[in-house]
Amino acid sequence: MRLTQIFAAAAIALVSTFAVADDAADKAIRKSLETLQLDTPVESITASPLPGMYEVKLKGSRVLYASADGQYIVQGYLFQLKDGKPVNLTEKAERLGISKLINDIPVAETVVYPAIGETKSHITVFTDTTCPYCHKLHAEVPELNKRGIEVRYVAFPRQGLGSPGDEQLQAVWCSKDKKAAMDQMVDGKEIKAAKCDNPVSKQFALGQSIGVNGTPAIVLADGQVIPGYQPAPQVAKLALGAK
């Protein structure tokens, strides 16, 4: 089940310990989460920066908070007021989780458009060859490459597995030259490739786990997710700031 947002918690000038939860707290929190019938496994439970509350990381990088006895479960943002400015600790933790998941994708399982000259940063794009805004972004990939941004495509059939987009993406990933196949497919040309073991369904599931629900979805190196199309200069500015 999906938790609705209960409230956003705020913490002022707190020091984070991030200690692993003791056995009693860990068991109590896990028992409460089982009662809630969450559809996402728990990856870790650690002490949060807010005394008495624990940080619960779910698979796919989502973060919840829980009291030590498991009686209170919170979904929302935890802020720290640092030097008079609010820092979103929840978003920071989630980005770290997303960054690890995305950057652990084997490059061989992506369609790569390398930077021209020095590689200054990279972005990972969840794409669908039937998506008009993906085509628009694809037309600007050369500009991103010129700016030193490597573009790595991963598959996300927006209409689900078994859809025309899924079939097209599988054809791209099963082609000997994935980059050329991607270019041709975006241009509206039919690509025929023998069926093969491919990562399309796995990448689709990964996208869903981090909250992707449409294409294109751009993930920066630091784990920030940018939903939807953005022009190349804006993407490059964000990507270079996130390296």
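Please refer to the structure placed before this passage.
Residues numbered from 1 in each chain as written. Predicted model: local features only at pLDDT ≥ 70, side-chain atom pairs only at ≥ 80, totals over all residues. Heavy atoms only, no water.

Let's talk about the packing of aromatic side chains
For step 1, the next point in the chain: Within this structure, the stated rule accounts for five aromatic pairs.
For step 2, the next point in the chain: On the basis of an interplanar angle of 70° and a centroid distance of 6.1 Å, the ring pair of Y77 and F79 is categorised as edge-to-face.
For step 3, the next point in the chain: What makes Y77 partly exposed here is its relative accessible area of 38%.
For step 4, the next point in the chain: Between F156 and F204 the ring centres are 4.8 Å apart and the planes differ by 50°, which places this aromatic pair in the tilted class. Here F204 lies in helix α7 (residues 200-209) and F156 lies in the loop between β10 (149-155) and α5 (164-173), a separation of 48 residues in the sequence.
For step 5, the next point in the chain: F156 sits in the buried class, given a relative accessible area of 3%.
For step 6, the next point in the chain: Look at F204 and you get buried, because its relative accessible area is 10%.
For step 7, the next point in the chain: Clustering of aromatic rings is evident, with ring pairs tying together F126, F156 and F204. (Phe/Tyr/Trp six-rings, centres within 6.5 Å; stacked < 30°, edge-to-face > 60°. Buried < 20%, exposed > 50% of the residue type's maximum accessible area, 1.4 Å probe, protein only. Helix = DSSP H or I, 4+ residues; strand = E, 2+ residues; numbered from the N terminus.)

Points about the state of the cysteines
For step 1, the next point in the chain: One pass over the structure, following the stated rule, counts one disulfide.
For step 2, the next point in the chain: Put simply, C174 and C196 are joined by a disulfide, and their sulfur atoms are 2.0 Å apart. Across the S-S bond of C174 and C196 the torsion is about -95°, and the bridge reads as left-handed. Of this pair, C174 sits in the loop between α5 and α6 (178-186) while C196 sits in the loop between α6 and α7, placing them 22 residues apart in sequence.
For step 3, the next point in the chain: You can call C174 buried: its relative accessible area is 16%. (Disulfide = S-S within 2.5 Å.)

Some words on the sheet that holds strand β11 (residues 217-220)
For step 1, the next point in the chain: Ordered by their spatial adjacency, five strands build an open sheet running β8-β10-β9-β11-β12, and the pairing between neighbours is mixed. The open sheet has two free edges, formed respectively by β8 (111-113) and β12 (225-227), since each of these has just one partner strand. Across the sheet, the mean angle separating the axes of adjacent strands is 20° when strand polarity is ignored.
For step 2, the next point in the chain: Alignment of strand β9 (residues 121-127) against β11, held across four bridges, turns out to be antiparallel. Looking across to β11, one finds that I123 is bridged to L220.
For step 3, the next point in the chain: Where α6 meets the sheet, its contacts fall on β8, β9 and β10, and the angle it forms with β8 comes to roughly 85°. (Pairing = 2+ DSSP bridges. Axes fitted to C-alpha atoms, helices over the stretch in contact; angles between N-to-C directions. Contact = heavy atoms within 4.5 Å.)

Some points on unusual backbone geometry
For step 1, the next point in the chain: With omega at -5°, the peptide bond leading from T215 into P216 counts as cis.
For step 2, the next point in the chain: Position of P216 relative to the elements: it lies in the loop between α7 and β11.

Structural notes on the sheet that holds strand β5 (residues 73-74)
For step 1, the next point in the chain: Read across the sheet, four strands follow the order β2-β3-β4-β5 without closing on themselves; strand pairing throughout is antiparallel. Looking at which strands have only one partner, the edges of the open sheet turn out to be β2 (42-47) and β5.
For step 2, the next point in the chain: Bridging between strand β4 (residues 63-67) and β5 involves two bridges; their strand directions are antiparallel. Paired with Y65 across the strands is V74, a residue of β5.
For step 3, the next point in the chain: Sitting on the sheet, helix α1 (residues 23-36) touches β2, β3 (53-58), β4 and β5, and the angle it makes with β2 is about 135°.

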